[in-house]
Amino acid sequence: MSAALPSIHSDSVDAGDFGLLVHGGAGFVPEALVPAHIEGCRAAAREGARVLAAGGSALDAVQRAVEVLEANEHFNAGVGASLNAAGGLELDASIMCGRELRAGAVCALPPFASPIAIARRVLEDGAHVLMAGDAAARWAETQGFVRAAPADMITAGARDKLARVQAGGESGMWAGGTVGAVARDARGDVAAATSTGGTVNKRVGRVGDSPIVGAGTYADNALGACSCTGAGEAILRLTLARQALDRAATSSAVEGARRAIDELGRRLAAVGGLIVATPDGTLAFARNTRTMTWAWETARGPARAGA
């Protein structure tokens, strides 16, 4: 089974004093849409890098980058996110800071414009790490967040994709799925953030890897930061984000990313990708899917983006 998977593609860069890397989701983006996906990642990386260049924290930078992606309907997060089997939105997001291992996450959240901002509020509140469903939504409202009207967030493209999947014409793997960002700031702190609508036609109440610390998202100043995308159930079973960082610590950022993706394909015949920022200022990614749009900006420059 794993022999049929695409080969692993990877790259890395020495960011210098600070750097940020975003992904727009592993999967298969039709050729006509690739430029829009790349430009969306480029815009998100630019905004996150502005935070870092102004002396801001890695945590603020990854949040800002993911907010930009959540507002872009080309990606499966926030506006335009994939729909569950009942035709509704259930959103997952998490954010983590490597300095004190602080994390915040939400899952199965009804429509809000920026789930990553709510996850950040969970982190700042500090009482819990993960909040779920309508109870999380009610708590978010007490913190000043306003629920969005489903019509403002559900796009025609998401409805069409659900219809095709339910008719048996396509798999539920979203082309240009889960979004994420990793960063290292000038103080040496790392952070990661991930946001998603999950798989198309998922069962109501399904939660994937994205909001789960160690699986879809992880950050530790001793190891680095990682955000994953792809087959969520497989990523959960391997706790892939933590695995990638553990492997990077004994080799290199890009080798750790490649070895984690190799294990995803070899052991579970699954597809996905991930991005990494290590404490030494290296940014890296690896994927075994046809595409995974990405962009990085660093203190050294120049910015790069691709699929």
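Thresholds, definitions, all that
Numbers given for residues are sequential positions, taken from 1 along each chain in its written order. Confidence filtering applies because this is a predicted model: local features only for residues at pLDDT of at least 70, side-chain atom pairs given and counted only at 80 or more, and all residues used for totals across whole chains, interfaces and linings. Calculated side-chain values reflect all of the structure's heavy atoms, with hydrogen atoms and water omitted. Each pair of strands is called paired provided DSSP finds at least two bridges between the two strands. Where helices and strands are cited, they refer to DSSP runs of H or I of at least four residues and of E of at least two residues respectively, numbered from the N terminus. Here an axis means a line fitted to C-alpha atoms, over the contact stretch when the element is a helix, while the angle between two N-to-C directions is reported on a 0 to 180 degree scale. The cut-offs work like this: below 35 degrees is roughly parallel, past 145 is roughly antiparallel, 65 to 115 is roughly perpendicular, and the gaps in between are oblique. Each crossing gets its hand from how the near helix is turned against the far one by less than a right angle, where anticlockwise is left-handed and clockwise is right-handed. By the convention used here, residues are in contact when the closest approach between their heavy atoms is within 4.5 Å. In this classification, the charged set is Asp, Glu, Lys and Arg, the nonpolar set is Ala, Val, Leu, Ile, Met, Phe, Trp, Tyr, Cys and Pro, and all remaining amino acids, among them Gly, are polar. Stacked, tilted and edge-to-face are the three classes applied to pairs of Phe, Tyr and Trp rings, where Trp contributes its six-membered ring and a pair requires centres within 6.5 Å; stacked means planes under 30 degrees apart, edge-to-face means over 60, and tilted covers the rest. Residue burial is assigned from relative accessible area. The probe radius is 1.4 Å, only protein chains are included, and a residue is buried under 20% of its type maximum, exposed over 50%, and partly exposed in between. The term salt bridge refers to a side-chain nitrogen of Lys or Arg lying within 4 Å of a carboxyl oxygen of Asp or Glu.

J.: What am I meant to see in the sheet that holds strand S10 (residues 272-277) here?
T.: Within a sheet, each strand pairs with its neighbour through backbone hydrogen bonds, oriented either parallel or antiparallel. Judged by pairing direction, the sheet is antiparallel, and its five strands sit side by side in the order S1-S11-S10-S9-S8 without closing on themselves. Where the open sheet ends on each side, the last strands, each with one partner, are strand S1 (9-14) and strand S8 (217-220). Between one strand axis and the next, the sheet turns by 10° as a mean value, whatever way the strands run. Relative to S10, strand S9 (residues 224-230) runs antiparallel, the two sharing six bridges. Bridge pairing in S10 links Gly 230 to Gly 272.

J.: Quick question: what am I supposed to make of the packing of helix H8 (residues 240-249) against helix H9 (residues 253-268) here?
T.: How two helices sit against one another is set out by the angle between their axes and by the gap between those axes. Where H8 contacts H9, the two axes come as close as 7 Å, and the packing angle between them is 135°. Here H8 is positioned oblique relative to H9, judged by the angle of their axes. Helix-helix and strand crossings are classified by hand; for H8 and H9 the assignment is right-handed. Here H8 contributes Leu 240, Gln 243, Ala 244, Arg 247 and Ala 248 to the contact with H9, which in turn contributes Ala 253, Gly 256, Arg 259, Ala 260, Ile 261, Glu 263 and Leu 264. Looking at the contact of H8 with H9 residue by residue, the classes come out as seven nonpolar, two polar and three charged.

J.: What is the right way to look at the packing of aromatic side chains in this model?
T.: To describe a pair of aromatic rings, one takes the distance between the centres and the angle between the planes. For the structure on display, the rule yields three aromatic pairs. Note on Phe 285 and Trp 296: the rings are 6.4 Å apart at their centroids and 50° apart in plane angle, and the pair reads as tilted. Pair noted here: Phe 285 is in strand S11 (residues 282-287) and Trp 296 is in strand S12 (residues 291-298), with a separation of 11 residues, a long-range link. Residue classification places Trp 296 among the buried residues on the basis of a relative accessible area of 1%. Between Trp 294 and Trp 296, the ring centres sit 4.9 Å apart and the planes meet at 45°, which makes this aromatic pair tilted. On the accessibility criterion, Trp 294 (5% relative accessible area) is buried. Aromatic rings pair up to connect Phe 285, Trp 294 and Trp 296 into one cluster.

J.: Sorry if this is basic, but what is going on with the pattern of salt bridges here?
T.: One side chain can pair with another of opposite charge once the charged atoms of both are near each other. Tallied over the full model, the rule gives 21 salt bridges. Among the ionic pairs, Glu 47 bridges to Arg 50, the shortest N-O distance being 2.4 Å. Taken together, the positions of Glu 47 and Arg 50, both in helix H1 (residues 34-53) and three residues apart, correspond to about one turn of that helix. For Arg 247, the salt bridge identified is with Glu 263, shortest N-O distance 2.3 Å. Placement of the pair is Arg 247 in helix H8 and Glu 263 in helix H9, with a sequence separation of 16 residues. Judged by relative accessible area, Glu 263 falls into the buried class, the value being 5%. Shared partners join several salt bridges into a network, and the residues in it are Asp 60, Glu 100, Arg 102, Arg 120 and Glu 124.

J.: What exactly am I supposed to notice about the sheet that holds strand S5 (residues 130-132) here?
T.: The sheet built from eight strands is open, its strands ordered S5-S4-S3-S7-S6-S2-S12-S13 with mixed pairing. The open sheet is flanked by S5 and strand S13 (304-306), the only strands paired with a single partner. With direction set aside, neighbouring strand axes in the sheet form an average angle of 5°. Direction of pairing for strand S2 (residues 19-27) relative to S12: antiparallel, over a ladder of seven bridges. The partner of Gly 27 across the bridge, within S12, is Thr 291. Running at roughly 30° to S12, H1 makes contact with S2, strand S6 (179-184), S12 and S13 of the sheet.

J.: I keep staring at the pairing of S6 and nothing clicks. Help me out?
T.: Two faces, one strand: in a regular strand the side chains alternate between the faces of the sheet. Counted residue by residue, S6 has six buried out of six residues, so it is predominantly covered. Neither face of S6 is open: one carries Val 179, Ala 181 and Ala 183, the other Gly 180, Val 182 and Arg 184, and all of them are buried. Bridge count for S2 against S6 is five bridges, and the pairing is antiparallel. Looking across to S6, one finds that Leu 21 is bridged to Val 182. Two strands pair when backbone bridges link them, and S6 and strand S7 (residues 190-196) are joined in this way by six bridges, in the antiparallel orientation. Across the sheet, Ala 181 pairs through a bridge with Ala 193, a residue of S7. Joining the antiparallel neighbours S6 and S7 is a turn of five residues, in which Gly 188 adopts a positive phi near 90°.

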